[in-house]
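Residues per chain, in single letters:
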Amino acid sequence: MTSVPRLVIAAPSSGSGKTTVATGLMAAFAERGLAVSPHKAGPDYIDPGYHALATGRPGRNLDAFLCGPELVAPLFAHGAAGCDLAVVEGVMGLYDGAAGRGELASTAQVAKLLRAPVVLVVDASSQSRSVAALVHGFASFDPQVRLGGVILNKVGSDRHEVMLREALEEAGMPVLGVLRRAPQVATPSRHLGLVPVAERRTDAVAAVAALAEQVRQGCDLDALLSLARTAPPVPCEPWAPEQALQAHPVPSRGGGPAADPGAGPRPVVAVAGGAAFTFSYAEHAELLTAAGADVVTFDPLHDEALPDGTAGLVVGGGFPEVYAKDLGANERLRKAVAELAAASAPVAAECAGLLYLVRSLDGTPMCGVIDAEARMSERLTLGYREAVAVSDSPLAAAGTRIRGHEFHRTVVEPSAGAAPAWGFTHPERRVEGFVQQGVHASYLHTHWAAQPSVAARLTAAARVHAVAREHPAAP
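Quick look at the structure, then. What you are looking at is a predicted structure, and each value in this text was computed from that prediction instead of being measured. (Residues numbered from 1 in each chain as written. Predicted model: local features only at pLDDT ≥ 70, side-chain atom pairs only at ≥ 80, totals over all residues. Heavy atoms only, no water.)

Re the pattern of salt bridges
No. 1: Applying the stated rule across the entire model yields 24 salt bridges.
No. 2: For Glu-103, the salt bridge identified is with Lys-112, shortest N-O distance 2.7 Å.
No. 3: Given the relative accessible area of 34%, Glu-103 is considered partly exposed.
No. 4: A single network of salt bridges, built from pairs that share partners, joins Asp-158, Glu-161, Arg-165 and Arg-180. (Salt bridge = Lys/Arg side-chain N within 4 Å of Asp/Glu carboxyl O. Buried < 20%, exposed > 50% of the residue type's maximum accessible area, 1.4 Å probe, protein only.)

See below:
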């Protein structure tokens, strides 16, 4: 059971100001001394970085497509444990979700699963009385979604505010905040959305502080906190990595009983971080640790060697295309990664990680683990995917079904010598990625909470590699 006060910050559409309001609210409440738990509906990695900066706690995702609706409340309860308030930023428009799947993965579904009141952020820059009709439609579309109030964004003047308030008073909808146009606190964007916090930390700190001030001046924080406290308890047990691993055991070789995660040495699993590799779900490191790994973060832009004792490697998503020159210049680390992969250590690479492992990215040398070339593309590849593992790997046994998400503007030209990682089954059929020796490299982003065996398999493979390295077979 979780009874943490909570709000879902939603909007009629993307671009209405959800991130501005949600991040500003998180920071403003944190400044009041509240322990605020930040969450983001959907697969987005970038917004949670700003949420973490605002609250001092890890930003966590709630994605009913990647993890299944049954895990939304447990994952929420895990992240919000011990907090005074939780704020959930929605995704796209309130009722937008996975294409062709009804409400699946929508903000509305997350709000219903959490029994949380919704605050609708409305871009009011080009409307006055019509705002009441818009809000009425969103409030009445699904009676199970409780719309608790509205925050008006991009309001132009005092007179404009009066007209908007009068219209919403007629509709019986509380106005919980009014924000004027404030371009000075806008966060910069580029080809895949906002620039991550790790790439502009000093500026990001200032931006979050400005958002907090804007929200503090324009929103009724007491009313919003009172609304959050009306959320009823949710009957669920908090997700826990140890329990998740026990519920999804990985059979030992030969089909025998699963190995004890605590048995044997704790292998070092290196996880790429820094400005070039910012995409990661907090639960991944938690699962690796629970599976028996010592997780050590390193920065491929600056560190010239892998962490001491590295026996497994995880290179997640991010923006290597932005930092290709610096990544390529770090020749010593590229060589160390190639040597680790050549020694059959488990290497898991997602999206940006895949680009880092190929021979070159737009002509700049990368690690050369995968015999392929990568280049930027004008075409954005974006969307949820359903896939099946084509080949056995340290991440998944052949035949394992998984859900994931693609989000990139690059293309990797296929090469010979590696088996595909995934066979996509929906929304289109194709094979993707590379499996060779201990390497699993793919564009597909996955959430390991839905498949804890990924962390268990990777850790087990890293342990085998560590033991073999310490006790090589006699010639």
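Looking at helix H8 (residues 221–228)
No. 1: Within H8 the residues assigned to the buried category are Leu-221, Leu-224, Leu-225, Leu-227 and Ala-228. Seen from one end, H8 has its buried residues packed into an arc of 160°, which puts them on one side. (Helix = DSSP H or I, 4+ residues; strand = E, 2+ residues; numbered from the N terminus. Arc of directions from axis to C-beta.)

Re the nonpolar core
No. 1: Grouped together as the largest cluster of nonpolar side chains are 109 residues, with contacts concentrated most on Ile-9, Leu-94, Leu-114, Leu-120, Val-135, Leu-152 and Leu-224.
No. 2: Counting residues per element, this core draws most heavily on helix H1 (residues 18–31), which supplies seven residues.
No. 3: Sequence-distant contacts of Leu-224, defined by excluding residues within four places in its chain, comprise Leu-7, Leu-25, Phe-29, Val-119, Ile-151, Leu-176 and Cys-219.
No. 4: Listed in part, the 40 residues of the second largest apolar core include Tyr-323, Val-347, Leu-355 and Met-366. (Core = buried A, V, L, I, M, F, W, Y, C linked by side-chain atoms within 4.5 Å. Contact = heavy atoms within 4.5 Å.)

Side note on the pairing of strand E14 (residues 358–361)
No. 1: As paired elements, E14 and strand E16 (residues 370–389) share three bridges and run parallel to each other. Bridge pairing in E16 places Leu-361 opposite Ala-374.
No. 2: Of the strand pairs in this sheet, E14 and strand E15 (residues 364–365) are connected by two bridges, and their pairing is antiparallel. Note that in E15 the partner of Ser-360 across the bridge is Pro-365. (Pairing = 2+ DSSP bridges.)

Observations concerning the sheet that holds strand E5 (residues 118–123)
No. 1: What the seven strands build is an open sheet, ordered E3-E2-E4-E1-E5-E6-E7; its pairing is parallel. In the strand order of this sheet, the two ends are held by strand E3 (60–62) and strand E7 (175–180), each with one partner. Between one strand axis and the next, the sheet turns by 25° as a mean value, whatever way the strands run.
No. 2: Relative to strand E4 (residues 85–89), strand E2 (residues 36–41) runs parallel, the two being bridged by five bridges. Pairing of Ser-37 across the sheet is with Ala-86, part of E4. (Axes fitted to C-alpha atoms, helices over the stretch in contact; angles between N-to-C directions.)

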